[in-house]
Amino acid sequence: MTCSVSTTRSSSHDEARAVGTRLAAVESRLRMIEKERTMSADYVVKSLPAVRLVARTAKLEFEQLSERIGPMFDAVAAGLGHIPGALATPIATYSMTEAGMDVATGYAYAGEAPPGTDVVELPAVDAVCGVHLGPMATIGESWQAMHRWIVDNGYEFAGPCRELYVRAEGEDQADWVTELQQPIRR
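Summary of the structure given here.

Rules used throughout
- Residues numbered from 1 in each chain as written.
- Predicted model: local features only at pLDDT ≥ 70, side-chain atom pairs only at ≥ 80, totals over all residues.
- Heavy atoms only, no water.
- Helix = DSSP H or I, 4+ residues; strand = E, 2+ residues; numbered from the N terminus.
- Contact = heavy atoms within 4.5 Å.
- Areas by Shrake-Rupley, 256 points an atom, 1.4 Å probe, with all protein chains shown as cover.
- Core = buried A, V, L, I, M, F, W, Y, C linked by side-chain atoms within 4.5 Å.
- Buried < 20%, exposed > 50% of the residue type's maximum accessible area, 1.4 Å probe, protein only.
- Expected span 1.5 Å × (residues − 1).
- Phe/Tyr/Trp six-rings, centres within 6.5 Å; stacked < 30°, edge-to-face > 60°.
- Lys NZ or Arg CZ within 6 Å of the ring centre and 35° of its normal.
- Salt bridge = Lys/Arg side-chain N within 4 Å of Asp/Glu carboxyl O.

The number of helices and strands found in the protein is 3 helices and 9 strands. A separation threshold of at least 6 residues defines the contact pool for the protein, and within that pool the share at least 24 residues apart is 71%. Carbon together with sulfur atoms contributes 55% to the accessible area of the protein, which is approximately 10900 Å² in total.

Next up, the structure:
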């Protein structure tokens, strides 16, 4: 019985430490986003490093996005969730094709990909980045505004767009923070 209580306390302590670490990472990322805003009040052009994702991939119709993205992330999390820190950086990529939308959802992770997941290599790119605050139901408006800014400022699209979910926990999406990343070139 004592062993069970000790294990529970240790597990709770480890879980609390992991949550604290993730919160510190989110706060750090939010500070970095604020410092990077050098081009305008809303967008910044910056270099994004290459990222290796362990992800689920799918070809979806636009109407399927809202119902399928969460379960795709959940499937990857089920395979990586037991590894400390593996779920720290959730990212999704979206690429329009004639047959629909190619989507990858996953986590930046350098280890082995669990069964049922793929490794997706995102190259280093220059990207216009902005921040969407709040629910995913309105993220399309944020993307449209950023795409207008890209065109108005003489850039061309240069690859699939990315969403980095800086803060995306809980059912209430009012306090979610998503960094929009659109690779570009002149």
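Before going further, it helps to spend a moment on the nonpolar core. Core analysis: the largest hydrophobic core is formed by 29 residues, its most contacted members being Tyr94 and Val103. At the level of secondary structure, the elements contributing two or more residues to this core comprise strand S2 (51-60), helix H2 (65-80), strand S3 (90-97), strand S4 (100-108), helix H3 (139-152), strand S8 (161-167) and strand S9 (177-185). With 7 residues, H2 is the single largest residue contributor to this core. Those residues in contact with tyrosine 94 that lie beyond four places of it in its chain are Leu65, Ile69, Met101, Asp102, Val103, Pro160, Cys161, Glu163 and Tyr165. Listed in part, the 10 residues of the second largest apolar core include Ile91, Leu122, Leu164 and Val177.

An α-helical segment advances 3.6 residues per turn. Residues three or four places apart therefore align on the same side. A rise of 1.5 Å per residue sets the reference length of H2, with its 16 residues, at 22 Å; its end C-alpha atoms lie 22 Å apart and thus fit the reference within 8%. Of the surrounding secondary structure, the elements contacted by the buried residues of H2 are S2, S3, S4 and S8.

Moving on, we get to the packing of aromatic side chains. Scanning the model with the defined rule gives 4 aromatic pairs in all. Pairing tyrosine 43 with tryptophan 149 gives two aromatic rings, centres 5.4 Å apart and planes at 45°, and the pair type is tilted. Residue tyrosine 43 is located in the loop between helix H1 (2-36) and strand S1 (44-48), and its partner tryptophan 149 is located in helix H3; the two are separated by 106 residues in the primary sequence. Here tyrosine 43 and tryptophan 149 have matching classes, each one buried. Relative to tyrosine 107, the ring of phenylalanine 73 has its centre 5.7 Å away and its plane inclined at 70°; by these criteria the two rings are edge-to-face. Placement of the pair is phenylalanine 73 in helix H2 and tyrosine 107 in strand S4, with a sequence separation of 34 residues. Cluster of aromatic residues (ring-pair linked, three or more members): Tyr43, Trp149 and Tyr155. Directly above the ring of tyrosine 155 sits arginine 186, whose terminal nitrogen or CZ lies 3.9 Å from the centroid.

Applying the stated criterion across every chain, the model contains 4 salt bridges. The closest approach of N and O atoms between arginine 52 and glutamate 121, which form a salt bridge, is 3.9 Å. Note that arginine 52 is positioned in strand S2 and glutamate 121 in strand S5 (residues 118-122), a separation of 69 residues in sequence. Glutamate 156 is the salt-bridge partner of arginine 185, the closest N and O atoms lying 3.5 Å from each other. Taken together, the residues arginine 185 in strand S9 and glutamate 156 in strand S7 (residues 156-157) connect sequence positions 29 residues apart.

Take the environment of phenylalanine 62 next. Examined against the element boundaries, phenylalanine 62 turns out to sit in the loop between S2 and H2. Along the sequence, phenylalanine 62 and aspartate 102 sit 40 residues apart, while their C-alpha atoms lie 10.0 Å from each other.

Geometry only, nothing functional implied.
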